[in-house]
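Given next are the chains, with one letter for each unit.
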Amino acid sequence: MSNVLEELAISVLAAAPAEGDVLIRMKAELERALQKPEEQRRWVMVIDLRKCVGCHACTVACVAENKLPPGVVYRQVAEEEIGTYPNVSMRFIPRPCLHCDKPPCVDVCPVSATYKRPDGIVAMDYERCIGCRYCMNACPYASRYFDFGFSNYDETPEAEGLIVGKPQGSLSETLPSFEYGKVWLRKREQSPIGNVRKCHFCLHRIEVGELPACTVTCIGRATYFGDANDPESLVAHLISRPNVMRLREELGTQPRVYYLV
Amino acid sequence: MAKNPPIVADAPRPAPAKKMSTAERLLWLVGIVAFLIGSYGLYQRFTNGLRLTDLGSFVPWGLWVATYEYFVWLEVGSLLVFTVLVYLVKWNSVLAGMARTLYLTAIAILSMALILIGLDLGHPFRFWHVFVWPQWGSLMTWMIWLHMVYLIVLVAKLALEMVRETPTTKRITAWLSYLSLPLGIALIVVAGSVFGVVIGRPAWQGSALPLYFLISALIAGTGLLTFQFVWFWPGERTEEYLAVARKLGQLLIALLIFGLIASALGGLVILYPGVPAQAIAFELTLFGPFWWVYWVIYVGFGVFVPLLLLLTRSKAARRIGVAAGLLILTYIAVPLNIVIPPQLSIEVVEKSLVAAYHGPGMKTFYFPTISEWLVTVFAIAFGFLVFMVGYHILWLRPRINHSAQKEG
Amino acid sequence: MAKNSGSKRLSRRDFLKLSAVTAGTAALLGNLPVYKTLIARAASMASAYTLADIKNQINTVCLQCNTGCGIKVKLLEGVAAKIEGNPYSPWTLWPHLPYKTPLKETATLGGAICPKGQSGLQTAYDPYRIVSVLKRKPGTKRGEGKWITIPFEQAIEEIVEGGDLFGEGHVDGFRALYALRDPNVAKQMSDAVTKILDEKDPDKKRALVEEFKRTFADYLDTLIDPDHPDLGPKNNQFAFVWGRLKNGRGDLFKRFVIDAFGSVNANGHTTVCQGSLYFAGKALSEQFDPKTGKFTGGSKFYWQTDTANSEFVIYVGANMFDANYGPPQRVPKMTEGNVSGGSKYAVVDPRHSKAAAKAWKWIPIKPGEDAALAMGMIRWIIENERYNKQFMSNANKAAALANGEKSWTTGPWLVKIKDGKPGKFVRASELGLVEKGTATDAEGKEITVYTTADGVQFPFDPFVALVDGQPVPFDPNSTDVPVVGEPLAHVTINGVECKTGLQIIFEEAQSRTIEEWAEIAGIQASDIIELATEFTSHGTKACVDIHRGVSQHTNGFYNVLAWYTLNCLVGNVDHVGGMIKGTTYEYTGSKAGGPFVLSKLYNAKNVAFGLDILRTRFTYEKSTLFDGTYPTKRPWFPLATDLYQEDIPSMGDMYPYQVKILMLYMSAINYALPSGQTVSEILADPKKIPLIIASDILIGEASQYADYIFPDLSFLERWELHGTHPSVPWKVENVRQPVISIPGWPTVKVWGEEIPLSAEALMMAIAERLELPGFGPNGFGEGIPFTRPEHLYLKQVANIAFGEKPDGSDAVPEADDEEVEIFLQARRHLPKSVFDPEVWKAAIGNDESLWRRVIYVLNRGGRYQDFAKAYQGDLVTNAYGKQLNLYQEKTATTINTMTGKPFIGYAAYIPPGISSVGEAIEDQGYDFHLITHKIITMTKARTITNYWLLAVEPEGYLLMNASDARRLGLKDGDRVRISSASNPKGEWFDRDGNRKPMIGKVKIVEGMRPGVVSFPLGYGHWASGATDVEIDGRRIKGDPRRAAGFHGNAAMRVDPHLGNVTLSDLAGGSAVFYDTKVKIEKV
Ligand SMILES: Nc1nc2c(c(=O)[nH]1)N[C@H]1C(S)=C(S)[C@@H](COP(=O)(O)OP(=O)(O)OC[C@H]3O[C@@H](n4cnc5c(=O)[nH]c(N)nc54)[C@H](O)[C@@H]3O)O[C@H]1N2
Ligand SMILES: Nc1nc2c(c(=O)[nH]1)N[C@H]1C(S)=C(S)[C@@H](COP(=O)(O)OP(=O)(O)OC[C@H]3O[C@@H](n4cnc5c(=O)[nH]c(N)nc54)[C@H](O)[C@@H]3O)O[C@H]1N2
Ligand code: SF4
Ligand code: SF4
Ligand code: SF4
Ligand code: SF4
Ligand code: SF4
Ligand SMILES: [Mo]
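Given the structure is predicted, the values throughout are model-derived calculations rather than measurements.

How each quantity is defined
All residue numbers refer to position in the chain's written sequence, counted from 1. Here chains are named by letter from A upward and ligands by number from 1 upward, in the order in which they appear as written. Restriction of local features to residues with pLDDT of at least 70 applies here, the model being predicted, together with a cutoff of 80 or more for giving and counting side-chain atom pairs; totals for whole chains, interfaces and linings are based on all residues. Each side-chain value is worked out from all heavy atoms of the structure, with water and hydrogens disregarded. Strands pair, by our definition, only if DSSP identifies at least two bridges between them. Helix and strand assignments come from DSSP, with helices taken as H or I runs of at least 4 residues and strands as E runs of at least 2, each series counted from the N terminus. For this analysis, a nonpolar core means a set of buried residues of the types Ala, Val, Leu, Ile, Met, Phe, Trp, Tyr and Cys, connected via side-chain atoms within 4.5 Å. Buried, partly exposed and exposed residues are distinguished by accessible area as a fraction of the type maximum, computed with a 1.4 Å probe on protein chains only: under 20%, between the cut-offs, and over 50%, respectively. Contacts are assigned to residue pairs with any non-hydrogen atoms lying within 4.5 Å of each other. Lines are fitted to the C-alpha atoms to define the axes, a helix being fitted only along its stretch in contact, and any angle between axes, read from their N-to-C directions, falls within 0 to 180 degrees. Any residue with a heavy atom lying within 4 Å of a molecule or strand is counted as near it. When residue character is reported, Ala, Val, Leu, Ile, Met, Phe, Trp, Tyr, Cys and Pro are called nonpolar, Asp, Glu, Lys and Arg charged, and the others, Gly included, polar. Basic side-chain nitrogens of Lys or Arg form a salt bridge, by our definition, when they fall within 4 Å of a carboxyl oxygen of Asp or Glu. Counting of polar contacts relies on pairs of N or O atoms within 3.5 Å, with two restrictions inside protein: one atom must be capable of donating a hydrogen and the other of accepting it, and residues adjacent in sequence are counted only when both atoms are side-chain atoms. The method behind every accessible area is Shrake-Rupley, applied with a 1.4 Å probe, and residues are considered shielded solely by the protein chains displayed. Per-residue confidence from the predictor is given as pLDDT, running between 0 and 100. Note on angle classes: values under 35 degrees are labelled roughly parallel, values over 145 roughly antiparallel, values of 65 to 115 roughly perpendicular, and the remainder oblique. Each crossing gets its handedness from the near helix: less than a right angle anticlockwise from the far helix is left-handed, clockwise is right-handed. In short, buried area is how much 1.4 Å probe accessible area vanishes from two parts on joining, totalled over both. Stacked, tilted and edge-to-face pairs are distinguished by plane angle, under 30 degrees for stacked and over 60 for edge-to-face with tilted covering the rest, among Phe, Tyr and Trp rings (Trp via its six-membered ring) whose centres lie within 6.5 Å. In this analysis the charged atom, NZ for Lys or CZ for Arg, is taken to sit over a ring once it is within 6 Å of the ring centre and within 35 degrees of the ring normal. All tallies of charge rest on Lys and Arg as positive and Asp and Glu as negative; His and the ends of each chain are not included. Within the patch definition used here, like charges are joined within 9 Å and nonpolar side chains (Val, Leu, Ile, Met, Phe, Trp, Tyr) within 5 Å, considering only residues with over 30% relative accessible area and no salt bridge.

## With respect to the sheet that holds strand β19 (residues 457-458) of chain C
Residue and element names in this part refer to chain C.
Here is step 1 of the chain: Spatial ordering of the open sheet is given by β17-β18-β19, a layout of 3 strands whose pairing is antiparallel. Looking along the sheet, the strands with just one partner apiece sit at the ends: β17 (434-440) and β19.
Here is step 2 of the chain: Sheet topology note: the strand β18 (residues 446-452)/β19 ladder contains 2 bridges and is antiparallel. Across the sheet, Y450 pairs through a bridge with F458, a residue of β19.

Laid out in structure tokens, this is it:
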């Protein structure tokens, strides 16, 4: 499959004015990375703040992909207005988990329920997590959210036969999520309810050769994902640019999410 | 040393038939009623998870964690002071006789602490994961383990207190007591460090907290010790009794003032370099929506009123007891202020992030809900009943100090 | 019969029992089995992430907004689980995949879509969706919110036969209005009416009317008013009004309304949307017809920028990152251009839009004054001779072709000036350049010809251009005789004063200095010059791309002309990186003459004729209503159609006649329109409109005023051909198709066929009961049934698949066995009533090869031209390639029936915010200028049901500049009430009695022009699940989240003269959103 896509990328690139759609290229690179053993991959995300248009597609794509309940989000897009009239501008800053190489969240977890994978992903083991929420306080980037078990449809009516009603009207939310390649159903007080949740670079998608949901749907093409260990990869090129920065470097958390400014 | 105390055996245990005093009856009543009321909170906790709390993702820790810390201070602090006074300073005093009751109290409070921290977990029934998959890099692991060891030591000590005293038991008790010193200190310091190492919450960060925890534990502990001594002392209110009470009172004064200075200094240290997030937390404490928690409850009833009571020269131990009581009640303000405001500061630090998404628990404001209070009531009532059972049924009461006896 | 039985006479228990036995009943919906088993199965799934399996994916088209991005819906046990972009679609990948890419290669490849697209699931799965026909509870008022469910076929019977349906007296049903049934008579009447209309002499007109009455004496009772036969038959008293309707479905509905029922009243929502943009486009694209000597055939469309290739774009009143058509398709090109430095753009908008944040320049213009800026630029560009002389000189097609262009303008044409005013184009005969004579044509027929001195013959009186100072007659459409005229000239030839079209516009631009124009627009003169300089520094790769902010003003038509004039000045039309138009694959079969020429597939066809309620089909002056007096009771709109704001008020005034049955489709007409409260008031009154039927997916803002609501399928459950948008250079057709079926969705029987309860079912059931032509077992002609919606839709898809070449050389490949298997597998969860391969294949004549091509198209969610094919050198392949009327004879000779004066026929500055009778509106004491905008997370009245979106923006704020806020002492988040001169209380006419105040929170920003406030569309609902309703006596609680925020349209100015309608642009038809002064008060 990877070859086909490579070709495809090429064929498309040929026709394209620019480099061709980065989504195709990154997809091909993803396929390539998957050929290597896990520990040789180094997933990173690069976000070009000059290209982010604050559309929140990534936010909602992530919610939809991971069936995040109300109160849980993995990737907000912060909006900041700069300047005074008429010299105004706006900055949009997508904020996924930064998958720190020195993740304070991991250090504090009493049961290793959150851990750093060889490929760089900071993952969660929902079944092990006791829900102490220490990691939330430890994360300096507010990237972790607790699943209290809320539903958007708690208050909506059933009224069978008169309207579609709650049971089927809430399917968009009650369908299982596939985080970490497992099937998670929303049953009362069962994981991931009662757990802390966070961005996982869409591990379950990557594993089947699909880019993260936020990356695929990035309208501004501001989000790049790939294997930093692959010198040919787009991300490898991008993070070697002079205009990259990382959030609050001074903390020494060494994020694996880079921003281009 | 003044004249020896009159030598008495254990306060005689009344015949089982004997009706309990109205006071006792009242206490049982209060305990049971509180337990029942609190149970509803427990019920809610298990039917609604943490949904009925005011906790959220920006303020993940609230009343329960704060109360937990406080109970740790009390349970460890009181015994620390006690052990120091009795085993190190070797007060030739009647204080030693308090041992049993103090241990009982400590266990009672410890049970409250564990209930609260347990129910604070998203998955309470997974607490055992900490023992099966401990992650030694986490101070929380250490805290929980230390707490367990401490629990064991306590139980052991109490057990020994309950069996007929022999030189062996005395020796073991002594050793356990010595052991409990570093253990207790470690537990407190670690508990403080659990917050101290968190870079996510600048106002917690740094070396200040562990120390501050220790001081606070001593203050609260001394308060509890004093309170118990003054009110539970079974013997006659002799000179020596008064002397000890006063000594405890003075100790309390010293610690209180020290604590006040410490917190003031702490505040200055925080405000002076003006690390914004820290400053915010501190400002929130002093002038935020809950300014009164700090000023009225802590500074007012927690420090000044007790000081007044203690400083007015008076022979009556009662005042000291009242002061100590007040202190125990109000000092909860301290952990509350340590735990909550620093989390609220995210409002300012991550303003745009907070504004970027909306949902339950995504707010930067926290005030415990009824449900949280109920669960807290449950925990306290539970501990209280443990105490009642121990005190009235198992008759774990103070006894007259033997060392004094030998000397005679 | 309908299976969603459940009439009010049954108790709930009986109801459930009864519905439990009949399969596929509405009641099943509520029961959990489907849901439970699904969850159970999901739980037992071995390999978790089954969504990556191509057999669990269907490509279709999003309708969360009108951009129509291709989407790929991933299914889990037949439930839509996740939506991504369809990688074949140019909307979501840039460049999009080659069309030939094997389907299976795309299993794990998706494209980019916006947040609304992502949340589409929540539109389909919404607890508040209705599942049975709702009837207004007899004895309750419209809008009171009390309903009863009735069986489908009973509902059809009631609306067709009429009667005392609500205990309020007799109500006419469809049968009563289906008066004129004989197509032949209709045809004759229609012709007779045309004769009457064409007769100019009043007396002769009257005589013709009398003659008409005599000729059709037996049929007079079928007419609305025999004394005014041009009002047409009673059939016209049925009006079909839609909000969002796309082709496919649109063809079925119009076939029903016009060709079958014979009503002329099938009206869309264009003017609420970007009306004057469309109708200025129509005026600009009218072509000269030598036979009639008239300008006709203008198409209702507009141009946009070839976003990817323009080097500099001025976006005016176009909300590029949040709205428009649309972010997934346009944004990547803009961000790429910005970062690579390949292109830059400016934003002209009183509000600092997200796009402005990334713009080279933001011009916070005064609302409504866009033409002033444009005029200033026109003046500067012409005075500094920085315009594209060549393009502006090409007077006809031949000249264009000769100079490497595909389009040309009327700029160099000479216009006759009568007492200082420009009127018609001067004709050669008027200048004595040609002699009128006769000749015999090929068939030896006698024809008039116009011959020049040197013997050149024209079949019509030719137009004139100045070539080297000499007037030269020419044929606009000539391909062999190029005429390159002087673009600027003011001459008098043989005593006839003439100016070129461009000259006239130039003089208008010169009527004020650059400084004065800047003053009017509330900007700096330097802004004008900077923009003009940059705009003229990129050859044909510079564009002005405009949208609602420009068109939705009383002067919208002229704002649009002004900006489009600028585009012509650089000659960017049809150029790579220039202004382009949308192009779709022909689906009616006419081009290729098959496989299915839909215009011919009729057993019989009714002939709709007469005046429409919007008064657009012919002019007032031609009609028998003309009595020489102005203004008319309500304006006529000879230059526009689909005037959404006029529908209901016209019905309220019963002008030109009463509408007795109104059918609303996918419309929130009262929510969408400016001053929509006036619309609600009329809808609520059965005396004005006796019967209102709505097709909706829930009880919506408008449908809550209906007497009957028929449940519809959501966009994930239905067919539609979404078409394209002007900024898409590729030829495409987006095919929306059923992806899911709500488990247990009710089905109904039409002509014995079981089809899902839907808008189609509603129309087809009426057609069946009235035995209307064009439907039924022989609907498509003898032996060709039209008894299921797919019968039409698949023929259309087949046409798309076959392509536009008669020899089939333009056809798509046949799907191979593997793709056929994927096609069937991916639809395995759909019930037979929705997907039955046999039925589908039969619908296209069981032609195996064609069937495989259809599958090829359906598998890809449509048909998309390959990336490279869109460009040919410097020009676009799918070009406009016609005449552009910079100066418009037709417009200039059309009368504004409110003033009695002709419209201006060229780009001119006209002050904004004037009433229908042309008076300026002074609203003393209302000191803020109210505008509105869209945000990326909200569409219309529709997305309030999407909780995932509400999490991002739960209520929407009134944006106000910090300086204004300081003046009013407002803090961020303060609640304010918005009121205006025409709504001093600042409230909505909610359901009966209730009033919903327009109170919202302010958001204080720097990015707003001081004195202007703006609010986002989509909040402040009072229906769509926002408030409690009662069905069969059962209370259904509303969800407060859907009522959150506010909707400011009711503050928008009511026309002071007409009193029950918003301000309008009488030329371009726009409903006016941005010309209201309001008061902001803290509450
Ligand atoms: N303040 C403000 N107002 C505006 C605008 C603005 O920018 N600001 N924009 C204007 C524009 S551009 C437009 S196009 C109009 C649009 O206004 P409308 O054309 O009226 O369309 P919608 O608002 O989408 O209303 C569609 C309604 O149809 C129903 N519906 C939803 N889905 C379906 C379906 O699948 N089938 C059926 N049968 N019914 C359905 C629902 O009741 C929904 O409210 O709004 C205009 N209004
Ligand atoms: N998110 C989202 N996207 C949509 C839709 C939707 O409902 N939601 N609807 C689709 C539809 S139907 C349409 S018609 C398009 C509309 O696409 P656009 O017209 O591009 O979107 P609007 O927000 O309606 O544009 C109005 C813009 O004009 C500005 N404006 C207001 N008054 C003036 C003025 O006097 N002068 C100038 N220069 N600017 C002014 C407003 O601030 C706003 O930025 O969007 C389509 N896309
Ligand atoms: S961003 Fe926060 S959650 Fe993510 S790895 Fe770093 S510390 Fe952990
Ligand atoms: S909440 Fe879960 S992951 Fe976080 S620290 Fe506690 S146990 Fe670890
Ligand atoms: S990578 Fe996946 S989980 Fe992380 S933010 Fe993007 S979509 Fe969400
Ligand atoms: S999808 Fe891309 S452009 Fe849109 S907000 Fe997210 S990162 Fe920014
Ligand atoms: S822009 Fe968004 S909502 Fe509109 S069609 Fe595309 S994906 Fe759907
Ligand atoms: Mo629109």
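## A word on the nonpolar core
Here is step 1 of the chain: Judged by nonpolar contacts, the single largest core of 338 residues is most densely connected at L95(B) and I159(C).
Here is step 2 of the chain: The dominant element in this core, judged by the number of residues it contributes, is helix α2 (residues 63-88) of chain B, at 18 residues.
Here is step 3 of the chain: Those residues in contact with L95(B) that lie beyond four places of it in its chain are F82(B), L85(B), V86(B), L225(B), F229(B), V244(B) and L248(B).
Here is step 4 of the chain: By size, the runner-up hydrophobic cluster in this structure holds 230 residues, among which are C55(A), I163(A), V264(C) and M898(C).

## Some words on the sheet that holds strand β16 (residues 421-425) of chain C
Residues and elements named next belong to chain C.
Here is step 1 of the chain: Across the sheet, 4 strands lie side by side as β16-β15-β23-β22; this open sheet has antiparallel pairing. Edge positions in the sheet fall to β16 and β22 (490-493), since each has one partner strand and no second. Put simply, the sheet's adjacent strands are angled 40° from each other on average, direction ignored.
Here is step 2 of the chain: Note: β22 against strand β23 (residues 496-500), 4 bridges, orientation antiparallel.

## Concerning the site of ligand 3
Here is step 1 of the chain: Near ligand 3 you find 14 residues, and of these C97(A), C100(A), C105(A), C139(A) and R144(A) are the closest.
Here is step 2 of the chain: The residue inventory of the shell around ligand 3, partitioned by class, reads 10 nonpolar, 2 polar and 2 charged.

## Details of the pattern of salt bridges
Here is step 1 of the chain: By the definition in use, this model includes 91 salt bridges over all chains.
Here is step 2 of the chain: A salt bridge links K445(C) to D441(C), with the shortest nitrogen-to-oxygen separation between them at 3.9 Å.
Here is step 3 of the chain: Assessed through its relative accessible area of 53%, K445(C) is described here as exposed.
Here is step 4 of the chain: Among the salt bridges present, the one from D836(C) reaches K832(C), with a minimum N-O distance of 3.8 Å.
Here is step 5 of the chain: The class of D836(C) is buried, set by a relative accessible area of 11%.
Here is step 6 of the chain: By relative accessible area, which is 61% here, K832(C) ends up exposed.
Here is step 7 of the chain: Each of E65(A), R205(A), E210(A), K74(C), K82(C) and E84(C) takes part in one network of salt bridges that share partners.

## Comments concerning the site of ligand 2
Residue and element names in this part refer to chain C.
Here is step 1 of the chain: In the neighbourhood of ligand 2, 35 residues make up the surrounding shell, with N319, D349, D370, M938 and K940 lying closest.
Here is step 2 of the chain: A distance of 3.3 Å separates a nitrogen atom of ligand 2 from a polar backbone atom of G317.
Here is step 3 of the chain: For ligand 2, an oxygen atom lies 2.7 Å from a polar atom in the backbone of N319.
Here is step 4 of the chain: Expressed as a share of its isolated accessible area of 910 Å², the protein-covered part of ligand 2 is 100%.
Here is step 5 of the chain: At the level of elements, α21 (548-551) and β38 (928-933) are the ones that each hand at least two residues to the shell around ligand 2.
Here is step 6 of the chain: No other element matches β38, which puts 3 residues into the shell around ligand 2.
Here is step 7 of the chain: Here the residues of the shell around ligand 2 are counted per class, giving 15 nonpolar, 11 polar and 9 charged.

## Re the confidence of the model for chain A
Here is step 1 of the chain: Counting all residues, the mean pLDDT for chain A is 92, and 93% of those residues have values of 70 or more.
Here is step 2 of the chain: Below a pLDDT of 50 lies the segment residues 8-18 of chain A, which in the model reaches 18 contacts outside its immediate sequence neighbourhood of four places, other chains included.

## Considering the packing of helix α3 (residues 99-120) of chain B against helix α16 (residues 370-393) of chain B
Residues and elements named next belong to chain B.
Here is step 1 of the chain: Orientation of α3 relative to α16, taken along the N-to-C sense of each, is 155°, at an axis distance of 8 Å. Judged by the inter-axis angle, α3 sits roughly antiparallel to α16. The interaxial crossing formed by α3 with α16 has right-handed handedness. Residues T101, L104, T105, A108, S111, M112, I115, L116 and L119 of α3 form the contact with α16, whose own contacting residues are V375, T376, F378, A379, I380, F382, G383, F384, V386, F387, G390 and Y391.
Here is step 2 of the chain: A class-by-class count of the residues in the contact of α3 with α16 yields 15 nonpolar, 6 polar and no charged.

## Thoughts on the interface of chain A and chain C
Here is step 1 of the chain: The interface of chain A with chain C comprises 80 residues on the first partner and 95 residues on the second.
Here is step 2 of the chain: Counting each side, the surface lost to burial between chain A and chain C is near 7,300 Å², with a carbon and sulfur contribution of 68%.
Here is step 3 of the chain: Of all residues in chain A, the largest losses of buried area upon contact with chain C belong to Y85(A), L162(A) and Q168(A), amounting jointly to 11% of the total for that side.
Here is step 4 of the chain: Taken together, the connections running from chain A to chain C amount to 4 salt bridges.
Here is step 5 of the chain: Residues E79(A) and K354(C) are paired through a salt bridge, measuring 3.4 Å at the closest nitrogen-oxygen approach.
Here is step 6 of the chain: At the boundary of chain A with chain C, the tally comes to 29 residue pairs in polar contact (both at pLDDT 80 or more).

## Some thoughts on the environment of P635(C)
Residue and element names in this part refer to chain C.
Here is step 1 of the chain: Looking at the secondary structure, you find P635 in the loop between β26 (583-584) and α23 (644-653).
Here is step 2 of the chain: What makes P635 buried here is its relative accessible area of 2%.
Here is step 3 of the chain: The sequence separation of P635 and E646 amounts to 11 residues, and the corresponding C-alpha distance is 9.1 Å.

## Description of the packing of aromatic side chains
The geometry of an aromatic ring pair is captured by two quantities: the separation of the ring centres and the angle between the planes.
Here is step 1 of the chain: Taken as a whole and assessed by the stated rule, the structure comprises 102 aromatic pairs over all chains.
Here is step 2 of the chain: Aromatic pair F178(A) and Y49(C): ring centres 5.6 Å apart, planes at 70°, arrangement edge-to-face. One end of the pair, F178(A), is in the loop between α7 (171-174) and β7 (196-198); the other, Y49(C), is in the loop between α3 (33-44) and β1 (57-61), on a second chain.
Here is step 3 of the chain: Among the residues examined, F178(A) registers a relative accessible area of 2% and is labelled buried.
Here is step 4 of the chain: Centre to centre, the rings of W517(C) and Y909(C) are 5.7 Å apart; their planes meet at 70°, and the pair counts as edge-to-face. In this pair, W517(C) sits in helix α19 (residues 514-521) while Y909(C) sits in the loop between α31 (889-892) and β38, placing the two residues 392 residues apart along the sequence. Of the two residues, W517(C) and Y909(C), both sit in the buried class.
Here is step 5 of the chain: Linked through ring pairs, Y134(A), W61(B), Y70(B), F71(B), W73(B), F195(B), W204(B), F213(B), Y294(B), W295(B), Y298(B) and Y331(B) together constitute an aromatic cluster.
Here is step 6 of the chain: Note that R136(C) overlies the ring of F166(C), its terminal NZ or CZ placed 4.2 Å from the centroid.
Here is step 7 of the chain: In this structure, R548(C) is placed above the aromatic ring of F1073(C), and the distance from its NZ or CZ to the ring centre is 4.3 Å.

## Observations regarding the side chain of D230(C)
Residues and elements named next belong to chain C.
Here is step 1 of the chain: Positionally, D230 belongs in the loop between α9 (202-215) and β6 (238-242).
Here is step 2 of the chain: Of the buried charged residues, D230 lacks a salt bridge, with K205 as the closest side chain of opposite charge at 6.7 Å.
Here is step 3 of the chain: With near-sequence residues (within four places) excluded, D230 lies in contact with V193, L197, G610, L611, F618, S623, T624 and L625.

## Some thoughts on the environment of Q457(C)
All names here are of chain C.
Here is step 1 of the chain: As for its position among the elements, Q457 is in strand β19.
Here is step 2 of the chain: According to the relative accessible area criterion, Q457 is partly exposed, its value standing at 48%.
Here is step 3 of the chain: Taking C-alpha positions, Q457 is 51 Å from I365, a pair spaced 92 residues apart along the chain.
Here is step 4 of the chain: In this structure, Q457 is in contact with V449, Y450 and T451, ignoring residues within four places of it in sequence.

## Here we look at a nonpolar patch on the surface
Residues and elements named next belong to chain B.
Here is step 1 of the chain: A cluster of nonpolar side chains, namely F287, W291, W292, W295, V296, F301, F365, F367 and W373, defines an oily patch on the protein surface of about 920 Å² accessible area.
Here is step 2 of the chain: Per element, the largest residue contribution to the nonpolar patch is 5 residues, and it comes from helix α10 (residues 291-311).
Here is step 3 of the chain: Within the secondary structure, F365 is located in the loop between α15 (351-355) and α16.
Here is step 4 of the chain: Note on F365: relative accessible area 43%, which makes it partly exposed.

## A few points about helix α18 (residues 501-510) of chain C
Here is step 1 of the chain: The buried count for α18(C) comes to 8 of 10 residues, which makes it a mostly enclosed element.
Here is step 2 of the chain: All of the buried residues along α18(C) are G501(C), L502(C), Q503(C), I504(C), I505(C), F506(C), E508(C) and A509(C).

## Let's talk about the pairing of strand β47 (residues 1076-1082) of chain C
Residue and element names in this part refer to chain C.
Here is step 1 of the chain: Of the strand pairs in this sheet, β38 and β47 are connected by 3 bridges, and their pairing is antiparallel. Counterpart to H929 in the pairing with β47 is K1077.
Here is step 2 of the chain: Here 5 bridges tie strand β40 (residues 975-980) to β47, and the two strands are oriented antiparallel to one another. Following the sheet pairing, V976 is matched in β47 by K1082.

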